[in-house]
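Now for the letters of each chain:
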Amino acid sequence: MNVVVLLGAPGAGKGTQAPLLATRLGIPAIATGDLFRAAVRDGTALGQEARRYMDAGQLVPDEITVRLLLDRLERPDATAGVILDGFPRTGVQAEALDRALAERAARVGAVVLVDVPADELVRRLSGRWICRAAGHPYHETFSPPRVAGVCDIDGSELYQRVDDRPDTIRARMDQQLGALAEVIDHYRTAGLLRTVDGLQGIDLVAEAIDAALAEAGIRPAGVPGEHVTG
Ligand code: ADP
Ligand code: ADP
């Protein structure tokens, strides 16, 4: 099982890169933010609980988040491997993931930190639009869709997240960057952390991620031009 963790602050570009990487590696990308937004949309008890934290820019408690992610890892499409986008986000989550993978005789294979300075994060989040169907991200200036308001990939409608409003963006930075530092330390200590410059264009970031993964022995499975859907 190939487990790749994409790390980065809110707005670093994880959600942009994860589906592209999923296509290249032929394994699914799992974003806990998308799982939470789906639960909110479906009106489940978990969604109602998570929403209180998400709307305030806070992290959802570890217990709920770990359970959500581990349930998702049980699905059959995750057997060959997964790309994790937005999990783990605390030291406790990182340790829970290590334990759960060890029970499956697996482990995290590579961790790539997409590094972007704080002022750029704010610019990116405040211009972000995502699609209703799958959370594919766009940016009104840096990465516009081909047709305004419509997802290039699945044709669904684009909208702006309530937590991408300026005051919530600030709250997310204040509340979440400390925990991200814990996660970075966890993987640095484990010798798994590789950092790429996230300030480059989307294609160059993708190339840098591939180079970082190649160093860890993880390479695209498909032949060039072949698209394997996650
Ligand atoms: P994250 O999932 O890490 O929060 P996203 O992938 O949603 O980040 O990206 C945040 C915003 O920045 C989106 O509007 C996206 O279109 C834009 N973006 C992503 N990567 C880049 C990049 N390399 N250069 C400029 N804008 C980018
Ligand atoms: P971003 O694009 O800013 O990185 P996400 O879509 O990944 O945001 O997450 C949206 C919100 O969902 C977070 O602000 C947080 O409230 C919640 N969330 C997502 N993943 C986690 C996690 N691993 N732990 C705790 N909360 C999470």
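Values in this document were obtained by computation on a predicted structure and should not be read as measured data.

**Re the side chain of R172**
- With respect to the helices, strands and loops of the structure, R172 is situated in helix α7 (residues 166–189).
- Within the local environment of R172, its side chain forms a polar contact with the side chain of D164, the two groups lying 2.8 Å apart.
- Not counting residues within four places of it along the chain, the set of residues in contact with R172 comprises P10, G57, L125, R128, R161, D163, D164 and L177.

**A look at the pattern of salt bridges**
- In this structure the tally under the stated criterion is 17 salt bridges.
- The partner of E120 in a salt bridge is R124, and the shortest N-O contact between them spans 3.0 Å. Within this pair, E120 and its partner R124 are both found in helix α6 (residues 118–126), separated by four residues, close to a single helical turn. The same class applies to E120 as to R124, namely buried.
- Put simply, D185 and R188 hold a salt bridge, and the shortest N to O gap is 3.4 Å. Note that D185 and R188 are positioned in helix α7 at a spacing of three residues, about one turn of the helix.
- A single network of salt bridges, built from pairs that share partners, joins R128, R161, D163, D164 and R172.

**Quick notes on the site of ligand 2**
- Surrounding ligand 2, one finds 19 residues, the nearest of these being T32, R37, Q58, G86 and R172.
- Note that an oxygen atom of ligand 2 is positioned 2.7 Å from one of the backbone N or O atoms of Q58.
- At a separation of 2.9 Å, a nitrogen atom of ligand 2 approaches a polar side-chain atom of Q93.
- Compared with its free state, where it exposes 560 Å², ligand 2 has 97% of that area covered by protein.
- Listing elements by their share of the shell around ligand 2, those giving two or more residues are α2 (32–42) and α7.
- Here the shell around ligand 2 is composed, by residue class, of six nonpolar, seven polar and six charged.

**A short note on the sheet that holds strand β1 (residues 2–7)**
- Reading across from one edge, β2-β3-β1-β4-β8 is the order of the five strands in this open sheet, with parallel pairing throughout. Among the strands making up the open sheet, the edge pair consists of β2 (29–31) and β8 (193–197). Neighbour-to-neighbour, the strand axes of this sheet turn through a mean angle of 25 degrees, independent of strand direction.
- Where β2 and strand β3 (residues 81–85) come together, three bridges link them in parallel fashion. Within β3, the residue paired with A31 across the bridge is D85.
- Across the sheet, α7 lies against β1, β4 (108–115) and β8, angled at about 140 degrees from β1, the strand it touches most.
- Relative to β8, helix α8 (residues 202–215) is tilted by about 160 degrees, and along the sheet it contacts β1, β4 and β8.

**What to know about the state of the cysteines**
- Taken as a whole, this structure holds zero disulfides when the rule is applied.
- Cysteine C131 shares no disulfide, and the gap to the nearest cysteine sulfur, in C151, comes to 3.8 Å.
- Take C151: its relative accessible area is 3%, and that puts it in the buried class.

**Concerning unusual backbone geometry**
- For the bond from F87 to P88, the omega torsion is -5 degrees, close enough to zero to count as cis.
- Tracing the backbone shows P88 in the loop between β3 and α5 (91–103).
- Positive phi is not limited to glycine here, since A105 has a value of about 55 degrees.
- Here A105 shows up in the loop between α5 and β4.

**Points about the site of ligand 1**
- G11, G15, T16, R128 and Y138 are the nearest of the 19 residues found near ligand 1.
- The backbone of G13 places a nitrogen or oxygen atom 3.0 Å from an oxygen atom of ligand 1.
- R124 is positioned such that a nitrogen or oxygen atom in its side chain is 3.3 Å from a nitrogen atom of ligand 1.
- Against a free-state accessible area of 560 Å², the protein chains account for coverage of 93% of ligand 1.
- Residue composition of the shell around ligand 1, by class: seven nonpolar, nine polar and three charged.

Calculation rules
Residues numbered from 1 in each chain as written. Chains lettered and ligands numbered in written order. Predicted model: local features only at pLDDT ≥ 70, side-chain atom pairs only at ≥ 80, totals over all residues. Heavy atoms only, no water. Helix = DSSP H or I, 4+ residues; strand = E, 2+ residues; numbered from the N terminus. Polar contact = N/O pair within 3.5 Å; in protein donor to acceptor, adjacent residues only side chain to side chain. Contact = heavy atoms within 4.5 Å. Salt bridge = Lys/Arg side-chain N within 4 Å of Asp/Glu carboxyl O. Buried < 20%, exposed > 50% of the residue type's maximum accessible area, 1.4 Å probe, protein only. Near = heavy atom within 4 Å. Areas by Shrake-Rupley, 256 points an atom, 1.4 Å probe, with all protein chains shown as cover. Nonpolar A, V, L, I, M, F, W, Y, C, P; charged D, E, K, R; others polar. Pairing = 2+ DSSP bridges. Axes fitted to C-alpha atoms, helices over the stretch in contact; angles between N-to-C directions. Disulfide = S-S within 2.5 Å.

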